[in-house]
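Notes for the structure review
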Amino acid sequence: GIKAFIFDLDGVIVDTAKYHYLAWKKLANELGFEFTLEQNELFKGVSRKRCLEILLDIGNVTATQEQFDTWMVEKNEDYLAYIDEMDSSEILPDVPRVLNYLKGKNIPMALGSASKNARAILEKVGLISYFEYLVDGTNVTKAKPDPEVFLIGANKLGVSPEACVVFEDAVAGIQAANNAGMTSIGIGDESILSEAQYNFKDFTEISNDFLGQLIS
Ligand code: G16
Ligand code: MG
């Protein structure tokens, strides 16, 4: 049976994609081009550095190393200004119910995110205490779909990959979970996340009975 759960952050616990988008769009506009919500889809689950590389490709902008580093810092400062305003009202529906149910069953939980700001976000929304371990952009070297992020999580929780469930909203994240040999649960559009073993629109569709069966 299942012994541990690993949660992605952005798009699973909170919707920070809109703040990433606003910060990247501001930079694009300053550099003289548009950045659309549709293009922002390419940025989900992708590292900050890779996002800037894609953004500059979109705008046909070439940068020196120094400019590149300056723009990464600038985008992150703008993003952090939004994060600073976050509170528990930004937790996605029924996430606390699922976290409380699993905590009540003494099931260990970890975070598996590409974000270097994951700890700050979980603190802002008041969910940090649920997680035994955070795997985030500060301790992962290989991006999803590489399974590294989730394998570190399983290792830190002391369970085998086969005994872990992963909640993910990005295709690369579902692939990373599958590559790790874990049970993958897609949160979002089933037609996009068709590689997941289970699919739900959001956590309101995930019953305690379903969770109970996974851990029994
Ligand atoms: C998240 C977002 C990505 C973002 C990445 C790095 O991934 O989905 O768009 O680029 O984190 O974020 P930061 O700039 O804060 O380090 P995840 O894995 O939490 O979905
Ligand atoms: Mg995500």
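Criteria and thresholds
Residues numbered from 1 in each chain as written. Chains lettered and ligands numbered in written order. Predicted model: local features only at pLDDT ≥ 70, side-chain atom pairs only at ≥ 80, totals over all residues. Helix = DSSP H or I, 4+ residues; strand = E, 2+ residues; numbered from the N terminus. Rg over C-alpha atoms; globule rule 2.2 N^0.38 Å. Buried ≥ 20, exposed ≤ 12 C-beta atoms within 10 Å, placed from the backbone. Contact = placed C-beta atoms within 7 Å. Near = placed C-beta within 6 Å. Nonpolar A, V, L, I, M, F, W, Y, C, P; charged D, E, K, R; others polar. Pairing = 2+ DSSP bridges. Axes fitted to C-alpha atoms, helices over the stretch in contact; angles between N-to-C directions. Parallel < 35°, antiparallel > 145°, perpendicular 65-115°, else oblique. Left-handed = near helix turned anticlockwise from the far one by under 90°. pLDDT = per-residue confidence, 0-100. Core = buried A, V, L, I, M, F, W, Y, C linked by C-beta atoms within 7 Å.

Digging into the overall build of the chain
- Of regular secondary structure, the chain possesses 9 helices and 6 strands.
- The C-alpha atoms of the chain give 17 Å as radius of gyration, which agrees with the globular expectation for 216 residues (17 Å, within 12%).
- In terms of overall dimensions, the chain has C-alpha extents of about 55 × 35 × 30 Å along its principal axes.
- Relative to its full complement of 216 residues, the chain shows a buried share of 37%.
- Considering only contacts within the chain whose residues lie at least 6 apart along the sequence, 60% involve residues at least 24 apart.

Focus: the site of ligand 1
- Lining the immediate surroundings of ligand 1 are 20 residues, of which Asp10, Ser113, Ala114, Ser115 and Lys116 lie closest.
- Residues that form the shell around ligand 1 fall into these classes: 6 nonpolar, 9 polar and 5 charged.

So, the sheet that holds strand E5 (residues 183–187)
- Strand order in the open sheet formed by 6 strands is E3-E2-E1-E4-E5-E6, and the pairing between neighbours is parallel. The open sheet is flanked by strand E3 (133–135) and strand E6 (198–200), the only strands paired with a single partner. Pairwise comparison of adjacent strand axes, ignoring direction, gives a mean angle of 20° for this sheet.

Digging into the packing of helix H3 (residues 48–58) against helix H4 (residues 65–83)
- Relative orientation of the contacting elements H3 and H4 amounts to 110°, with a least axis distance of 10 Å. Between H3 and H4, the angle is such that the two are roughly perpendicular. The handedness of the crossing between H3 and H4 comes out as right-handed. Residue-level inspection shows Arg48, Lys49 and Leu52 of H3 in contact with H4, the latter providing Phe68, Trp71, Met72 and Asn76.
- Partitioned by chemical class, the residues of the contact of H3 with H4 number 4 nonpolar, 1 polar and 2 charged.

Re the pairing of strand E1 (residues 4–7)
- Of the two faces of E1, both are covered, the one formed by Ala4 and Ile6 as well as the one formed by Phe5 and Phe7.
- Here E1 runs beside strand E4 (residues 164–168); their pairing, made up of 4 bridges, is parallel. Bridge assignment links Ala4 to a residue of E4, and that residue is Cys164.
- The pairing of E1 with strand E2 (residues 109–112) spans 3 bridges and is parallel. Looking at the pairing, Phe7 lines up with Leu111 of E2.

Comments concerning the confidence of the model for the chain
- Across the chain, the average pLDDT comes to 97, with 100% of residues at or above 70.
- Predicted complex metrics record ipTM = 0.92 and pTM = 0.93.

Here we look at the environment of Asn208
- Assignment of secondary structure puts Asn208 in helix H9 (residues 208–215).
- Look at Asn208 and you get partly exposed, because 14 C-beta atoms sit within 10 Å.
- When the C-alpha atoms of Asn208 and Tyr101 are compared, they prove to be 7.0 Å apart, with 107 residues separating the residues in sequence.

What about the nonpolar core?
- Grouped together as the largest cluster of nonpolar side chains are 54 residues, with contacts concentrated most on Ile6, Phe7, Leu9, Phe150, Cys164 and Val166.
- What Phe150 contacts, discounting residues up to four positions off in sequence, is Ile6, Gly112, Cys164, Val166, Ala176, Ala177, Ala180 and Met182.

Notes on unusual backbone geometry
- Note that the residue after Lys144, namely Pro145, is joined by a cis bond; omega there is 15°.
- A positive phi angle, near 60°, is found at Asn106, a position not held by glycine.
- Of note, Asn106 is situated in the loop between helix H5 (95–104) and E2.

Structural notes on the packing of helix H1 (residues 17–30) against H4
- Look at H1 against H4: their axes get within 9 Å of each other, and the N-to-C directions meet at 140°. Put simply, H1 runs oblique to H4. Where H1 crosses over H4, the two elements pack in a sense that is right-handed. For the pair formed by H1 and H4, the contact residues are Tyr19, His20, Leu22, Ala23, Trp24, Lys26 and Leu27 on the first element and Trp71, Glu74, Lys75, Asp78, Tyr79, Tyr82 and Ile83 on the second.
- Taken together, the residues of the contact of H1 with H4 sort by class into 9 nonpolar, 1 polar and 4 charged.

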